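# Breakdown of the fold
Below are the chains, spelled out letter by letter.
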Amino acid sequence: MKNIVLLGASGSIGTQTIDVVLHHSEKFRIIGLSVGHNIPKLKEILSQVNTVRYVSVADAQHLSELEELYPDITFYSGDEGLVKLAKLTDYDIFVDAVVGFRGLLPCLEAINNGKDIALANKESLVAGGPLVKEALKRNKVRLYPIDSEHSAILQCLQGNDKKEVDKLIVTASGGSFRDKSREELKDVTVEQALKHPNWSMGAKITIDSASMMNKGLEIIEAHHLYGLPLERIGVLVHPQSLVHSLVEFEDGSLMAQAGTPDMRMPIAYCLAWPLCLDAGVPPLDLARSGALTFEEPDLHSFPCLELACRTIGKGSALPVALNAANEVAVEAFLSGRIGFMDIPDIIGRALDECSAPDPASLEAIETLDHETRLRVGLWIEKV
């Protein structure tokens, strides 16, 4: 029996993690979780999962009501609550499925607490990759990537010598606008951007997919997870989202991992590694799936991918600035304050104007993140 602490329980990855746990209640048990402001969803979760003993919510104003309703549960709030969940002792694996930079601190706290990590929070590796890797090594714990692409690479590497790997190839659906030109993208709406053709995800990740920043962040993740330089990590647009990644070996052969596009499969793999568990997902029927196509990404129409690649191997400051600028720009687009193609323009400017030294501590990363957000916010006010 593995005890689990789950951050971001009310989000897409969080709810699917709960599905996997309930599907295998003899193997997994959630003892702690966090939600944001969605208290009705929390109550629904607690009606389904009766093993929860610790909960953190975003706003302290909900604590008195919740404590009265659930006297057997200990409640926390805010970012401090996420850290308190990470510091619990009676669990085995920490599922970090919150969105954004705020997932980094609890991730590090859980690692320093000696807990294995199932990571859906891209920003932890993007902004804090060197710190996370050093903490994993020092505490002798493992990190399992929940991203379908990195889970696919992990599966392809099982039983193979990493020294024989020539290249990693991450696939991309292309998002909501994969067939649009740069000119057509200038006037797209938030509603259009949120209509992903293949995956059901939260708003921020769906916009990142539409801009292909999501894939840029995944390339940075792959660099940290598997230790390969930029020139040995590629991207192919694969609209069907059935092949999740490929590994190319020195002899030129390719090994691919394919499956139904359902995040419960990589979640189950992370929780049960190295075993493959039934996650309640129907198997992929290749005979009925139609043609599989692959093509090079259009960097002119989707410059966010190239912007992310600019940061790899250039120190640890640029990825922090990239991530902070992207988070602020995406929020501004979602609230209607900027256009879709303003997102890469803002990120590019943030990279050009980032002159900070490489942050060597969490405090330095947090300072650079904060300063970048302030600077980008001022630019957006003038758009």
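This report concerns the structure included in the present document. Given the structure is predicted, the values throughout are model-derived calculations rather than measurements. (Residues numbered from 1 in each chain as written. Predicted model: local features only at pLDDT ≥ 70, side-chain atom pairs only at ≥ 80, totals over all residues. Heavy atoms only, no water.)

All right, on to the overall build of the chain then. Looking only at helices and strands, one finds 16 helices and eleven strands in the chain. Relative to its length of 383 residues, the chain is compact, with a C-alpha radius of gyration of 20 Å against a globular reference of 21 Å. Taking all 383 residues of the chain together, 54% fall into the buried category. Taking as baseline every contact in the chain between residues at least 6 positions apart, the subset at least 24 positions apart corresponds to 68%. Working note: accessible area of the chain is about 16500 Å², and carbon and sulfur atoms make up 49% of it. When the 36 basic and 53 acidic side-chain charges of the chain are each reduced to a single mean position, those positions are 3 Å apart. (Helix = DSSP H or I, 4+ residues; strand = E, 2+ residues; numbered from the N terminus. Rg over C-alpha atoms; globule rule 2.2 N^0.38 Å. Buried < 20%, exposed > 50% of the residue type's maximum accessible area, 1.4 Å probe, protein only. Contact = heavy atoms within 4.5 Å. Areas by Shrake-Rupley, 256 points an atom, 1.4 Å probe, with all protein chains shown as cover. Lys, Arg positive; Asp, Glu negative; His and termini not counted. Charge placed at Lys NZ, Arg CZ, Asp CG, Glu CD.)

On the surface, a nonpolar cluster with roughly 270 Å² of combined accessible area is contributed by L286, L292 and F294. Along the chain, F294 turns up in the loop between α12 (264–272) and α13 (304–310). For F294, a relative accessible area of 38% gives the class partly exposed. (Patch = residues over 30% accessible without salt bridge, like charges linked within 9 Å, V, L, I, M, F, W, Y side chains within 5 Å. Salt bridge = Lys/Arg side-chain N within 4 Å of Asp/Glu carboxyl O.)

Our focus in this paragraph is helix α2 (residues 39–48). Those residues of α2 that fall on the buried side of the exposure criterion are I39, L42, I45 and L46. Across the axial projection of α2, the buried residues extend over an arc of 110°, all falling on one side. Of the exposed residues in α2, those oriented more than 90 degrees away from the buried face are P40 and S47. The secondary structure elements touched by the buried residues of α2 are α1 (12–23), β2 (28–34), β3 (54–57) and α3 (63–69). The N-cap of α2, judged by a side-chain oxygen 3.0 Å from the amide nitrogen of K41 a few residues on, is N38. (Arc of directions from axis to C-beta. Polar contact = N/O pair within 3.5 Å; in protein donor to acceptor, adjacent residues only side chain to side chain.)

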